[in-house]
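# Reading the structure
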Amino acid sequence: MPRDNSIESVLVIGSGPIVIGQACEFDYSGTQACRVLQSEGIRVILINSNPATIMTDPEFADATYIEPITPEIIEQIILKEKPTAILATLGGQTALNAAMQLYERGSLERLGVKLIGADIPAIKRGEDREIFKEIVEKIGGSSAKSIICHTMEECIAGAAILNYPVVVRPSFTMGGLGSGIAHNQSDLELIAGAGLRHSPTTEVLLEESIIGWKEFELEVMRDHKDNVVIVCSIENIDPMGVHTGDSITVAPALTLTDVEYQKLRDLSIDIIREVGVATGGCNIQFAVNPADGRIIVIEMNPRVSRSSALASKATGFPIAKIATKLAIGYTLDEIQNDITKSTPASFEPTLDYIVVKVPRFAFEKFPEADTKLTTTMKSVGEAMAIGRSFPQALQKALRSVEKKGTSFHWNTSGVTKEYLLAAMSVPTEHRLQQIQLGLFLGLTIPEVFAATKVDPWFLTQIVEINQVAQEILSENPLSEELLRKAKNYGFSDLQIAHLTNQKSSDVMAARARIGLHPVFKTVDTCAAEFEAHTPYHYSSYDLESEVIARTKPAVIILGSGPNRIGQGVEFDYSCVHAAFALKEAGFETVMINCNPETVSTDYDTSDRLYFEPLTLEDVLEVIRAEQAAGPVLGVIAQLGGQTPLGLARGLQEAGITILGTSPDAIDMAEDRGQFGELLNVSSLVAPTFGMANTFEEAVEIAHRITYPVLVRPSFVLG
């Protein structure tokens, strides 16, 4: 059936300010929703309090309210705008909780407006821990043993029944807010106290510990005719006990047997039907015991989540866009796949590549913070990479994080395998690197598995990466065969250079001499069964490139990479507007970025999208491919924050035209010494300052200036 024509106007509730656990992925989903509704001739009213978003631009809604997302404000907007319906499933927990508050106040009935996407009973069944547990039991699934508590006294009594450690999960919260693992009563009072405060229903679930089990999640969509599709399966490399937002994840799931996967699939379909999410998507999380295969349903989100953004970018299946179409009455078989233009949305995506997501943390900004990873989310951003194998995708994702010490290295000075084995037993942001180095130093897979519970299949893949590194260390000069093998395993020129005591430019030159360059494959949602009409690419050291020729001159825009403190959605906003403006001016637009949460990495924001790390090597290879495809006017590096600014000089030295602000001007503004000299030459008054390159120089300058002194590094942001 066509869309519901009774829906003339829709109030879209945004997600508000960016917080840990609720970031720019909801700007991505909200923007998609607004675009879909407008394309269907539906009047769009938007409320969001975050000005640094694409969705709050005037052209994305017919009426935009930058106001606090509270039931009182929303009621006033409903009275003024008189929307037919409210869409609250694309704005994270903030929007969902606002919808619940409107219902509880009687506002929806009193003002004659309905919820679309998920109704109140479905939200309650998905979000209320006790009701959801009953649903899981009804469909024949298993939940962890648990007790619902509303007071601290009930929590203490419940923990005595379940025995420590217990997992604390508050109802109606996001990003693991207020959750944690209590090993004793002192922990419980701290964690459950926070959980009871953060839960709008003052309710927490105490759960038996299943720490160390494997964790999976499935993205599921359903329409009002009961058609259901599994969009994507995602596996956490870290076992249970680490929030999925803080875990390195891989899609599709790689360590399930087919029988196990089919069980998860069947449970997911039964759950979405029983919960009653009839027009949209949800995310369902599972734990699997590696010892006996026992499956436990952990929880579900009856809305679009961070994992939904990851699944959308991993598969090319636009979950938020399709969820919006379902909410206004379409069925999955009536919605065309934008990428193939020949298959419907009821055609489940198939991947012939591997996707890896790596979180980015900011503990360096908060020296007193607890760096141990738990069920409460602590990461501030994430990077995603696509490859033809797990090692290739993993190494690309690690370097996409753009943080020193994240990529694998083989410098073993000052560490022992005994130290690494002890360190990796506590989950931190460095655990995977400790595992890799420990295996390189001779730890066995059973030893590492016992300490970390990371599945042996992943450990075997890391051993293979280490074996290639050992071959590189042992062979000098590198043969063409070994260099090609290293690139297939995801090694960067910089990693190879460190292993061979060269410069990365030497490795790049060696590759150029033998014509060793990546080709670019296409994300097509169907493993090449149907032709893809959307140029959404990733690199691989394969045989055949799928970049098509063009005649229109192109401008390449460098995105901002993973979110971090000081470099967030505001830079994605700039890059997206650059793409829109250049497209209007008649240029072909090419976006390079690796952040799955953003609007810039939506396949229809630019004419071409490359999901690639923002390193000099990777960017130069994209430019090389685009120059072979057609004329390239140049590269814009000034809109994506510090990341592309840091690449501008290297690109210029490689003969690439930098459009906009020149690298010389960038250096003058970013280098404190050059900027200080500019002030002196221009006779502009500035505080007394000095430039230091060593600690000793800094101390001498500080004594000369006298304390207190303000310390400002060059070329940093935030």
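Residues numbered from 1 in each chain as written. Predicted model: local features only at pLDDT ≥ 70, side-chain atom pairs only at ≥ 80, totals over all residues. Heavy atoms only, no water.

### What to know about the pairing of strand E21 (residues 608-611)
Going residue by residue along E21, you find Arg608 and Tyr610 tucked away on one face and Leu609 and Phe611 tucked away on the opposite face as well. Where strand E18 (residues 536-540) meets E21, two bridges bridge the pair, whose relative direction is parallel. Residue pairing across strands places Tyr536 opposite Leu609, the latter belonging to E21. Pairing analysis gives four bridges linking strand E20 (residues 588-593) to E21, with the strands arranged parallel. Opposite Val590, over in E21, you have Arg608 as the bridge partner. (Buried < 20%, exposed > 50% of the residue type's maximum accessible area, 1.4 Å probe, protein only. Helix = DSSP H or I, 4+ residues; strand = E, 2+ residues; numbered from the N terminus. Pairing = 2+ DSSP bridges.)

### Points about the sheet that holds strand E11 (residues 228-236)
As summarised here, the arrangement of the seven strands in space is E14-E13-E10-E11-E12-E15-E16, forming an open sheet in which the pairing is antiparallel. If you trace the sheet from one side to the other, it starts and ends with strand E14 (295-301) and strand E16 (381-387), each paired once. Within this sheet the neighbouring strands show an average axis-to-axis angle of 25°, counted without direction. Bridge count for strand E12 (residues 249-251) against strand E15 (residues 354-360) is three bridges, and the pairing is antiparallel. (Axes fitted to C-alpha atoms, helices over the stretch in contact; angles between N-to-C directions.)

### Regarding the side chain of Ser379
With respect to the secondary-structure elements, Ser379 resides in the loop between E15 and E16. From its side chain, Ser379 meets the backbone oxygen of Gly245 in a polar contact 3.1 Å long. If we ignore the near neighbours within four places in the chain, the residues touching Ser379 are Ile20, Gly245, Asp246, Arg306, Pro359, Arg360 and Phe361. (Polar contact = N/O pair within 3.5 Å; in protein donor to acceptor, adjacent residues only side chain to side chain. Contact = heavy atoms within 4.5 Å.)

### Some points on the domain arrangement of the protein
Here the protein is described as being made up of domain 1 (9-116), domain 2 (127-140 + 211-349), domain 3 (146-208), domain 4 (408-491), domain 5 (519-668) and domain 6 (671-705). Each of domain 1 and domain 2 was reduced to a C-alpha centroid, and the two centroids are 24 Å apart. Taken together, the contact between domain 1 and domain 2 spans 20 residues of the former and 17 residues of the latter. Three residues, Tyr28, Val36 and Glu40, lead the burial of domain 1 against domain 2; their summed loss comes to 29% of the area buried on that side. Taken together, the connections running from domain 1 to domain 2 amount to one salt bridge. With a closest N to O distance of 3.1 Å, Glu40 and Lys325 form a salt bridge. Elements supplying a minimum of two residues to the side of domain 1 that touches domain 2: helix H1 (25-39) and helix H3 (92-104). (Domains from an automatic or database assignment. Buried area = accessible area lost by both parts, 1.4 Å probe. Salt bridge = Lys/Arg side-chain N within 4 Å of Asp/Glu carboxyl O.)

### Comments concerning helix H16 (residues 456-474)
The end-to-end C-alpha distance of H16, which contains 19 residues, comes to 27 Å, matching closely the 27 Å that a straight helix rising 1.5 Å per residue would cover. Taken together, the buried positions of H16 are occupied by Phe458, Leu459, Gln461, Ile462, Ile465, Asn466, Val468, Ala469 and Ile472. A side-chain oxygen of the first residue of H16 lies 2.8 Å from the backbone nitrogen of Trp457; this N-cap is Asp455. (Expected span 1.5 Å × (residues − 1).)

### Observations regarding the packing of aromatic side chains
Using the criterion set out here, one finds nine aromatic pairs in the structure. Seen from their ring centres, Phe60 and Phe580 are 6.4 Å apart, and the 45° between their planes marks the pair as tilted. One end of the pair, Phe60, is in the loop between strand E2 (43-47) and strand E3 (63-65); the other, Phe580, is in helix H20 (residues 569-584), and 520 residues separate them in sequence. Phe580 matches Phe60 in its accessibility class, with the two residues each being buried. For the ring pair Phe520 and Tyr610, a centre distance of 5.2 Å and an interplane angle of 90° mean the geometry is edge-to-face. (Phe/Tyr/Trp six-rings, centres within 6.5 Å; stacked < 30°, edge-to-face > 60°.)

### Considering the pattern of salt bridges
Following the criterion strictly, the structure yields 36 salt bridges and no others. The closest approach of N and O atoms between Arg3 and Glu40, which form a salt bridge, is 3.7 Å. Here Arg3, found in the segment before strand E1 (9-13), pairs with Glu40, found in the loop between H1 and E2; they are 37 residues apart in sequence, far enough to count as distant. Overall, Glu40 belongs to the buried group, its relative accessible area being 18%. In this structure, the salt-bridge partner of Lys214 is Asp455, at a minimum N-O distance of 3.3 Å. Of this pair, Lys214 sits in strand E10 (residues 214-222) while Asp455 is found in the loop between helix H15 (445-452) and H16, placing the two residues 241 residues apart along the sequence. By sharing partners, the salt bridges in this structure join Lys487, Asp493, Arg511, Glu617 and Glu621 into a single network.

### Quick notes on helix H6 (residues 129-138)
Three or more residues of H6 are buried, namely Arg129, Phe132, Ile135 and Val136. Across the axial projection of H6, the buried residues extend over an arc of 120°, all falling on one side. Of the surrounding secondary structure, the elements contacted by the buried residues of H6 are helix H5 (120-127), strand E6 (146-149), strand E7 (166-170), strand E9 (204-208), helix H9 (258-275) and E14. (Arc of directions from axis to C-beta.)

### Remarks on the nonpolar core
Counting residues in each nonpolar core, the largest one holds 108 residues, and the members touching the most others are Val10, Met221, Val356, Ile386, Leu394 and Phe491. No other element matches H16, which puts seven residues into this core. Dropping the residues within four chain positions of it, Phe491 is found in contact with Gln395, Arg399, Trp410, Ile465, Val468, Ala469, Ile472, Ala486, Ile496 and Leu499. (Core = buried A, V, L, I, M, F, W, Y, C linked by side-chain atoms within 4.5 Å.)

### Focus: the packing of H16 against helix H17 (residues 480-488)
Where H16 contacts H17, the two axes come as close as 10 Å, and the packing angle between them is 150°. The angle between the axes of H16 and H17 places the two elements in the roughly antiparallel class. The hand of the H16/H17 crossing is left-handed. The residues of H17 that touch H16, namely those facing Val468, Glu471 and Ile472, are Leu482, Lys485 and Ala486. When grouped by side-chain class, the residues that make up the contact of H16 with H17 number four nonpolar, no polar and two charged. (Parallel < 35°, antiparallel > 145°, perpendicular 65-115°, else oblique. Left-handed = near helix turned anticlockwise from the far one by under 90°. Nonpolar A, V, L, I, M, F, W, Y, C, P; charged D, E, K, R; others polar.)

### Comments concerning the sheet that holds E6
Strands sit in the order E6-E9-E7-E8 across an open sheet of four strands; the sheet is antiparallel. The open sheet has two edge strands with one neighbour each: E6 and strand E8 (180-182). Going from strand to strand, the sheet's axes swing by 30° on average, the running direction of each strand aside. By the bridge criterion, five bridges tie E7 to E9 in an arrangement that is antiparallel. Bridging from a neighbouring strand, Val166 pairs with Glu208 of E9. Those strands touched by H6 are E6, E7 and E9, and its axis lies near 150° from that of E6. In the packing of helix H8 (residues 185-198) onto the sheet, contacts are made with E6, E7, E8 and E9, and the angle to E8 comes to roughly 145°.

### A few points about the environment of Val167
Secondary-structure assignment places Val167 in strand E7. Considering only alpha carbons, one finds Val167 and Lys82, 85 residues apart in sequence, at a separation of 44 Å. Once you skip the residues sitting within four places of it in the chain, Val167 turns out to touch Gly180, Ile181, Leu205, Leu206, Glu207, Glu208 and Ser209.

### Digging into the state of the cysteines
Following the criterion strictly, the structure yields zero disulfides and no others. Distance from the sulfur of Cys594, which forms no disulfide, to the nearest cysteine sulfur (Cys575) is 12 Å. (Disulfide = S-S within 2.5 Å.)

### Quick look at a nonpolar patch on the surface
A contiguous nonpolar patch, built from Met668, Phe675 and Leu678 and spanning about 230 Å² of accessible area, is present on the exposed surface. Counting through the fold element by element, Phe675 comes out in helix H24 (residues 672-681). (Patch = residues over 30% accessible without salt bridge, like charges linked within 9 Å, V, L, I, M, F, W, Y side chains within 5 Å. Areas by Shrake-Rupley, 256 points an atom, 1.4 Å probe, with all protein chains shown as cover.)

### Points about unusual backbone geometry
Between Tyr164 and Pro165 the backbone carries a cis peptide bond, its omega angle lying at -5°. Positive phi values are uncommon outside glycine, yet Asp226 reaches one of about 70°. For Asp226, the location among the structural elements is in the loop between E10 and E11. Residues other than glycine seldom take positive phi values, yet Lys453 does so here, at roughly 65°. Its place among the elements puts Lys453 in the loop between H15 and H16.

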